[in-house]
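# Coordinate analysis (summary)
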Amino acid sequence: MSWLVVDMLFKDFIRICMRIGSTSSITEKKNIVATYLKELERSEWKPFILFLVGKPIPDSIEGGLGVGYSTIMKALKNPIKPLFPSNPLTLNDVFNELIKIAYIRGKDSSKRKFEALASLMGRMSREERIWLSKIILGELRIGLVDGHLLGALSNVLGLSLEDIRRAYLLRGDLGDVVDVALKGVEALRNVPPRLFSPIRPMLATPASSIAEAYNMIGGGEAAVEVKYDGARVQIHIKNGRVKIFSRRLTDVTYSLPDVVEIVRNGVSVDEAILEGEVVAYERGSGKPLPFQTLMKRFKRIYNIEEAMELIPLKIHLFEIIYLNGKLLIDTPYSDRYDLLVERVSEELLANRIVTSNIREAESFYKRALDYGHEGVMVKRLNSPYILGVRGKHWIKVKSKETLDLVIVGAEWGHGRRSSWLSDYYLAVYDPNSGEYLVVGKTFKGLTDEEFQYMTKRLLELKVKDEGFRIWVKPEIVVEVDFNEIQKSPKYKSGLALRLARITRIREDKSPEEAATLEELYQLYERQFEKKGKVI
DNA sequence: ACTGATGCGTC
DNA sequence: GTCGGAC
DNA sequence: GTCCGACGACGCATCAGT
């Protein structure tokens with residue numbers, strides 16, 4: 001290491017990114033990161049680590065950067081040159097400028113954010129501008145994510161990965177973890193769960209049947225819990241004060257005063273962190289409302305009273321992570337659930353059974369679907385509350401539907417798919433007009449080989465070329481799975497598929513044999529046998 | 001006051 | 001959110 | 001078995017332009 005301390009230049013950081021991106025070995029990526037961390041000033045660790053995972057600023061800055069694709073394109077085209085030549089930018093220069101941009105709020109903020117970005121870019125070379133854009137868009141594509149950096153931190157500082165992961169779970173922000181880790185093992189281990197500061201949520205793995213789900217958790221007794229079609233929330237409570245966080249840890253308390261009230265009345269604890277699903281229900285019938293309708297409530301800050309009247313919410317709790325000073329992430333799930341049940345009134349709990357009998361579990365699943373819910377979660381009873389799903393503890397089983405649709409257009413892919421047409425416009429047939437109407441796009445479900453084949457065929461069928469997109473003669477039929485039909489404000493057909501993915505290419509079918517517009521509308525209406533409808 | 005583009009969140 | 005592929 | 005990067009739908013807030 002040199003005795004002369006020189007801050008890392010942004011252009012040197014780019015060299016490092018390129019090196020990391022050019023190797024496919026994760027171990028080597030981590031080694032490169034570790035090598036440079038050792039050479040860096042500690043004040044540079046935070047930007048170094050955040051930039052490497054494609055985060056321009058720490059997640060904890062509320063509101064985010066407020067700069068996206070369009071603003072970047074504009075700034076790339078119109079960089080504002082400095083009046084006087086300036087020094088080459090260091091990593092910290094760039095980081096500090098980005099934080100300034102994040103804090104530009106209010107009147108003319110778009111314009112001022114653009115100007116700040118364009119000025120920053122004006123001080124950069126073309127290559128630096130491109131890489132800055134990648135960082136802002138979170139599309140570095142060098143194969144590093146938060147988990148790898150936690151590993152690198154652990155190696156370089158000689159701290160256990162377990163301690164680092166725990167801090168990450170509890171702090172929720174990678175930048176904060178860097179700060180705490182730099183203070184040493186004591187500070188790291190003593191990261192207290194902070195009430196009103198959200199914890200990263202434990203995730204689930206999908207399965208296609210109940211039997212498969214049981215198989216994945218190794219059989220035996222499991223909890224089978226209704227999976228509601230809503231939004232996951234984390235609720236922090238301290239002496240009657242309540243805060244609600246969304247899955248990506250943003251504070252949504254303000255939009256959900258009714259949920260706050262329900263929690264105040266139905267939960268008796270001094271201090272706790274709970275998790276559950278917020279779901280919209282139709283008044284009267286009690287049927288769940290479509291996800292689309294729930295979203296009208298979710299990030300709302302105006303006309304909340306009105307929306308509350310129209311779209312009532314319920315909470316279905318399924319977790320307790322913290323209780324009266326004690327963190328429960330290492331407590332087995334079944335014990336956590338006992339603690340939850342003791343303190344929460346019954347109507348606030350997610351509906352569930354505990355069984356080792358697969359038939360029983362399947363019939364519970366069917367009943368959940370009959371009530372208009374999304375499916376079930378199968379949970380291992382002894383599982384801790386952990387990140388990274390080391391071993392599968394929570395398995396989700398959801399219903400799906402299938403239709404044959406026609407491909408009428410396609411877009412060129414990006415990254416490893418850049419040589420293929422990989423994103424397809426799916427359409428239904430309307431025999432009345434002879435038209436094919438788009439009901440959504442998908443890029444999911446095909447193998448590399450199939451993409452190659454499709455690209456060739458689609459180009460043969462091309463009727464119009466728009467550069468990034470082509471339109472084709474309706475001829476190729478594909479079988480498509482999806483979760484729900486939504487009302488679409490965007491497509492002329494008026495409907496769109498939620499979570500569409502191709503399951504196979506139907507060489508045997510002609511486009512006239514594909515699903516029709518009328519069929520799709522019938523299916524859409526049929527959803528309301530189980531679901532509610534407002535407006 | 002309204003509309004469309006943009007950003008960012010939920011799934 | 002889902003999927004295939006790379007590890 | 002695990003992780004990652006391909007990218008989908010809609011709804012709300014904010015801002016720019018009329």
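Check the entry above for the structure.
In this report, the structure presented in the accompanying data block is examined.

### Quick look at the overall build of chain A
Of regular secondary structure, chain A possesses 19 helices and 19 strands. Taking 2.2 N^0.38 as the reference for a compact globule, 535 residues should give roughly 24 Å; the C-alpha atoms of chain A span a radius of gyration of 26 Å, in line with that estimate. In chain A, which comprises 535 residues, the proportion classed as buried is 53%. Considering only contacts within chain A whose residues lie at least 6 apart along the sequence, 70% involve residues at least 24 apart. Surface accessibility of chain A: about 25900 Å² in total, with carbon and sulfur atoms responsible for 50%. Looking at chain A, you have 81 positive and 72 negative side-chain charges, and the mean spots of the two groups are 4 Å apart.

### Quick look at the sheet that holds strand S5 (residues 271-280)
Pairing within the open sheet is antiparallel, and its 5 strands lie in the order S4-S3-S5-S6-S7. Looking along the sheet, the strands with just one partner apiece sit at the ends: strand S4 (241-246) and strand S7 (326-327). One ladder, built from 6 bridges, connects strand S3 (residues 231-238) with S4; its direction is antiparallel. Looking at the pairing, Ile237 lines up with Val242 of S4.

### A short note on the side chain of Arg469
Topologically, Arg469 is positioned in strand S15 (residues 469-472). The exposure class of Arg469 is buried, given its relative accessible area of 19%. In this structure, Arg469 is in contact with Ala410, Glu411, Tyr425 and Lys464, ignoring residues within four places of it in sequence.

### Overview of the packing of helix H3 (residues 45-52) against helix H10 (residues 174-183)
The interhelical angle for the contact between H3 and H10, taken along N-to-C directions, is 145°, at an axis separation of 9 Å. As H3 packs across H10, the resulting crossing turns out to be right-handed. Contact residues: Trp45, Lys46, Ile49 and Leu50 in H3; Leu174, Gly175, Val178, Asp179 and Leu182 in H10. Along the lines of polarity and charge, the residues of the contact of H3 with H10 split into 6 nonpolar, 1 polar and 2 charged.

Parameters at a glance
- Residues numbered from 1 in each chain as written.
- Chains lettered and ligands numbered in written order.
- Predicted model: local features only at pLDDT ≥ 70, side-chain atom pairs only at ≥ 80, totals over all residues.
- Heavy atoms only, no water.
- Helix = DSSP H or I, 4+ residues; strand = E, 2+ residues; numbered from the N terminus.
- Rg over C-alpha atoms; globule rule 2.2 N^0.38 Å.
- Buried < 20%, exposed > 50% of the residue type's maximum accessible area, 1.4 Å probe, protein only.
- Contact = heavy atoms within 4.5 Å.
- Areas by Shrake-Rupley, 256 points an atom, 1.4 Å probe, with all protein chains shown as cover.
- Lys, Arg positive; Asp, Glu negative; His and termini not counted.
- Charge placed at Lys NZ, Arg CZ, Asp CG, Glu CD.
- Pairing = 2+ DSSP bridges.
- Axes fitted to C-alpha atoms, helices over the stretch in contact; angles between N-to-C directions.
- Left-handed = near helix turned anticlockwise from the far one by under 90°.
- Nonpolar A, V, L, I, M, F, W, Y, C, P; charged D, E, K, R; others polar.

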